[in-house]
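Coordinates in review
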Amino acid sequence: MVFLKTRSEINKISEAGKIVAEVLALVGEMVKPGVSTFELDQAADKLIGSYPNCRAAFKGYGGFPSTLCTSVNEEVVHGIPRNDRILNRGDLISIDVGVFRKGYFADAAATFSVGKPTGQQIRLMDCARRALAAGIEQVVDNNRVGDIGAAVQKVARKENFSVVRDLVGHGIGQNLHEDPQVPNFGTPRRGYLLKEGLVLAVEPMINEGTHEVRTLADNWTVVTADGKLSVHFEHTVAIGPNGPEILTN
Ligand code: MG
């Protein structure tokens, strides 16, 4: 179901979103060779726990065990933090975090390099950031959901990278996942009609090689089918009277 939000609801999502942004900034700073993904998860957990009436959104969601999704290199999304998953110089790590506060969810993700990124890694991350920005620009009243995906896809295509099709963005609010689905591909002027008050998680996953993905035996970790790199950037965005409002900055 689609729920349009009032200004006071958007403000609550924004409050959760500020904590999400703070968590991403903290763990992003911690990303260094020798750090385990479990240490990142613990730090995120501690920060979220320091806010009253606040909890990690993913922990327990469908049985997911952790606060963060930590997805390294060919891992696209939903990687589970582990003590023995140590970051090495030259890795990329995508970190996704959601927060639930005062009845509302916010959700965001970013990819970080471990040590100095290669030229190709910079190109891939920069492409995904620009694809996210292009998608967010389309999150306006009277556009359609296809406008978002088309804008994301256009940026990726230009760089000869591919967008993951099996996983999509989503509405967000009192539920972590609400309608409409927000694919990272689409046809302009097609799909669900966007209206003021809609809040969406826009989250392009951009692959270096094929768009195809598969899920590992842990039933969570999604990886690229060809083992090449994948990156992920996400913001929670509201449609305000003057266009898109990023709530996870
Ligand atoms: Mg999301």
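Cut-offs applied
- Residues numbered from 1 in each chain as written.
- Predicted model: local features only at pLDDT ≥ 70, side-chain atom pairs only at ≥ 80, totals over all residues.
- Heavy atoms only, no water.
- Donors = N, O, S within 2.8 Å, 3.2 Å for Na, K, Ca; no water.
- Helix = DSSP H or I, 4+ residues; strand = E, 2+ residues; numbered from the N terminus.
- Buried < 20%, exposed > 50% of the residue type's maximum accessible area, 1.4 Å probe, protein only.
- Expected span 1.5 Å × (residues − 1).
- Contact = heavy atoms within 4.5 Å.
- Pairing = 2+ DSSP bridges.
- Axes fitted to C-alpha atoms, helices over the stretch in contact; angles between N-to-C directions.
- Salt bridge = Lys/Arg side-chain N within 4 Å of Asp/Glu carboxyl O.
- Phe/Tyr/Trp six-rings, centres within 6.5 Å; stacked < 30°, edge-to-face > 60°.
- Lys NZ or Arg CZ within 6 Å of the ring centre and 35° of its normal.
- Polar contact = N/O pair within 3.5 Å; in protein donor to acceptor, adjacent residues only side chain to side chain.
- Core = buried A, V, L, I, M, F, W, Y, C linked by side-chain atoms within 4.5 Å.

**Section: the coordination of the magnesium ion**
In a perfect tetrahedron of four donors around a metal, the angles come out at 109.5 degrees. In a perfect octahedron of six, they are 90 or 180 degrees. The coordination sphere of the magnesium ion contains the protein donors D107 (OD), H170 (NE2), E203 (OE) and E234 (OE), at a distance range of 2.2 to 2.4 Å. Mapping the donors of the magnesium ion onto the primary sequence yields the spacing D-x62-H-x32-E-x30-E. Of this pair, D107 sits in strand β5 (residues 104-113) while E234 sits in the loop between β13 (230-232) and β14 (235-240); the two residues are 127 residues apart in sequence, bridging distant segments of the chain. On the basis of relative accessibility, which here comes to 2%, the residue D107 falls in the buried class.

**Description of helix α2 (residues 37-49)**
With 13 residues, α2 extends 18 Å from end C-alpha to end C-alpha; this agrees with the ideal 18 Å at 1.5 Å per step. Looking at the buried residues of α2, the elements they touch are α1 (7-30), β1 (54-56), β2 (68-72) and β4 (92-101).

**Looking at the sheet that holds strand β11 (residues 213-215)**
A sheet is described by the order of its strands in space; here 3 strands give the open sequence β3-β12-β11, paired in antiparallel fashion. Looking at strand neighbours, the two that pair on one side only are β3 (75-77) and β11, the edges of this open sheet. Put simply, the sheet's adjacent strands are angled 40 degrees from each other on average, direction ignored. Pairing of β3 with strand β12 (residues 222-224), which is carried by 2 bridges, proceeds in the antiparallel orientation. Residue pairing in the sheet places V77 in a bridge with V222 of β12.

**Here's the deal with the pattern of salt bridges**
Applying the stated criterion across every chain yields a total of 11 salt bridges. For the salt bridge of R7 with E245, the shortest nitrogen-to-oxygen distance reads 3.0 Å. Of this pair, R7 sits in helix α1 while E245 sits in strand β15 (residues 243-246); the two residues are 238 residues apart in sequence, bridging distant segments of the chain. The class for R7 is partly exposed, based on a relative accessible area of 40%. What makes E245 partly exposed here is its relative accessible area of 24%.

**A word on the environment of E74**
With respect to the helices and strands, E74 occurs in the loop between β2 and β3. Judged by relative accessible area, which is 27%, E74 ranks as partly exposed. Sequence spacing of E74 and D226 is 152 residues, and the spatial spacing of their C-alpha atoms is 8.3 Å. When residues no more than four places from it in sequence are discounted, the contact partners of E74 are V222, V223, T224, G227, K228 and L229.

**Focus on the packing of aromatic side chains**
A complete count under the given rule lists 2 aromatic pairs for this structure. Ring centres of F64 and W220 lie 5.0 Å apart, and the angle between their planes is 85 degrees; this geometry places the pair in the edge-to-face category. One end of the pair, F64, is in the loop between β1 and β2; the other, W220, is in the loop between β11 and β12, and 156 residues separate them in sequence. On the basis of relative accessible area, F64 is assigned to the buried category, the value being 4%. Summarising the aromatic geometry, the rings of F100 and F105 are spaced 4.5 Å apart at their centres and angled 50 degrees between planes, so their arrangement reads as tilted. For F105, a relative accessible area of 7% translates into the label buried. R165 extends its terminal NZ or CZ atom over the ring of F185, reaching a point 3.9 Å from the ring centre.

**Observations concerning the side chain of T248**
Looking at the element boundaries, T248 is found in the segment after β15. Classification of T248 as buried rests on a relative accessible area of 4%. A distance of 2.8 Å separates a polar atom in the side chain of T248 from a polar atom in the side chain of H235. Within the local environment of T248, its side chain forms a polar contact with the backbone nitrogen of T236, the two atoms lying 3.0 Å apart.

**Looking at the nonpolar core**
Residues L40, I93, I95 and I206 are the most contacted members of the largest nonpolar core, which totals 68 residues. Once residues within four sequence positions are removed from consideration, L40 is found in contact with V27, M30, V31, V35, L68, L87, I93 and I95. Ranked by size, the runner-up nonpolar core spans 7 residues in total, among them V76, M205, V213 and V222.

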